[in-house]
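# Secondary and tertiary structure notes
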Amino acid sequence: MTYWESKGQYQNLVEELTKRLPPFDSVPNAKTTNKHLEKFRKAQNCYYDLYNNGLCNKAREFSIVFRIPGVPREIKQNYGHYDMISKSTADAIEAKLDEIILAAAKEQGLA
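A brief look at the structure comes next. Source: prediction; values computed, not measured. (Residues numbered from 1 in each chain as written. Predicted model: local features only at pLDDT ≥ 70, side-chain atom pairs only at ≥ 80, totals over all residues. Heavy atoms only, no water.)

It is worth spelling out the packing of aromatic side chains at this point. Taken as a whole and judged by the stated rule, the model has four aromatic pairs. Ring centres of Phe-62 and Phe-66 lie 4.4 Å apart, and the angle between their planes is 15°; this geometry places the pair in the stacked category. Here Phe-66 and Phe-62 lie together in helix H3 (residues 59-66), a separation of four residues that amounts to about one turn. Put simply, the rings of Trp-4, Tyr-47, Tyr-48 and Tyr-51 touch in pairs and so form one group of aromatic residues. (Phe/Tyr/Trp six-rings, centres within 6.5 Å; stacked < 30°, edge-to-face > 60°. Helix = DSSP H or I, 4+ residues; strand = E, 2+ residues; numbered from the N terminus.)

Nonpolar side chains tend toward joint burial in soluble globular proteins. Judged by nonpolar contacts, the single largest core of 28 residues is most densely connected at Phe-40, Phe-62, Phe-66, Ile-93 and Ile-101. Contributing elements (two or more residues each) for this core: helix H1 (11-19), helix H2 (35-53), H3, helix H4 (71-78) and helix H5 (87-107). (Core = buried A, V, L, I, M, F, W, Y, C linked by side-chain atoms within 4.5 Å. Buried < 20%, exposed > 50% of the residue type's maximum accessible area, 1.4 Å probe, protein only.)

Viewed as axis vectors pointing N to C, H2 and H5 meet at an angle of 150°, and their least axial separation amounts to 8 Å. In terms of their interaxial angle, H2 and H5 are classed as roughly antiparallel. Here the hand of the crossing between H2 and H5 comes out left-handed. When H2 is examined against H5, the residues Lys-35, His-36, Leu-37, Lys-39, Phe-40, Ala-43, Tyr-47, Leu-50 and Tyr-51 are found in contact with a partner set consisting of Ala-90, Ile-93, Glu-94, Leu-97, Ile-100, Ile-101, Ala-103, Ala-104 and Glu-107. In terms of residue class, the contact of H2 with H5 is built from 13 nonpolar, one polar and four charged. (Axes fitted to C-alpha atoms, helices over the stretch in contact; angles between N-to-C directions. Parallel < 35°, antiparallel > 145°, perpendicular 65-115°, else oblique. Left-handed = near helix turned anticlockwise from the far one by under 90°. Contact = heavy atoms within 4.5 Å. Nonpolar A, V, L, I, M, F, W, Y, C, P; charged D, E, K, R; others polar.)

Attention now goes to the pattern of salt bridges. Tallied over the full model, the rule gives five salt bridges. Glu-38 is the salt-bridge partner of Arg-41, the closest N and O atoms lying 2.5 Å from each other. With a gap of three residues between them, Arg-41 and Glu-38 both fall in helix H2, about one helical turn apart. Under the relative-accessibility criterion, Glu-38 is labelled buried at 5%. (Salt bridge = Lys/Arg side-chain N within 4 Å of Asp/Glu carboxyl O.)

What is shown is where atoms sit, not what they do.
Put into structure tokens, the structure is as follows:
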């Protein structure tokens, strides 16, 4: 189950956190009181780009936000194939997104 399918482990928190995001730009107080919510916003944008565009737009930002070595390179090597990423890489991405979601939820008083 993945967040891409809207069935992630903490999907309920994703939905609550998403309601707190502005339609454009960074969240207010992104460097202080809402730093984890801002990281969630960036992660969500990178995650979308991963599955929608094969990281064509956000490969560098993905590397910074997710800090999982080799993912952009793996996608570039497999671009155009149905399975752009291995199961182990997909699992690592989901686990990292779980961490980001939980940190943002705690910061926002949701967990």
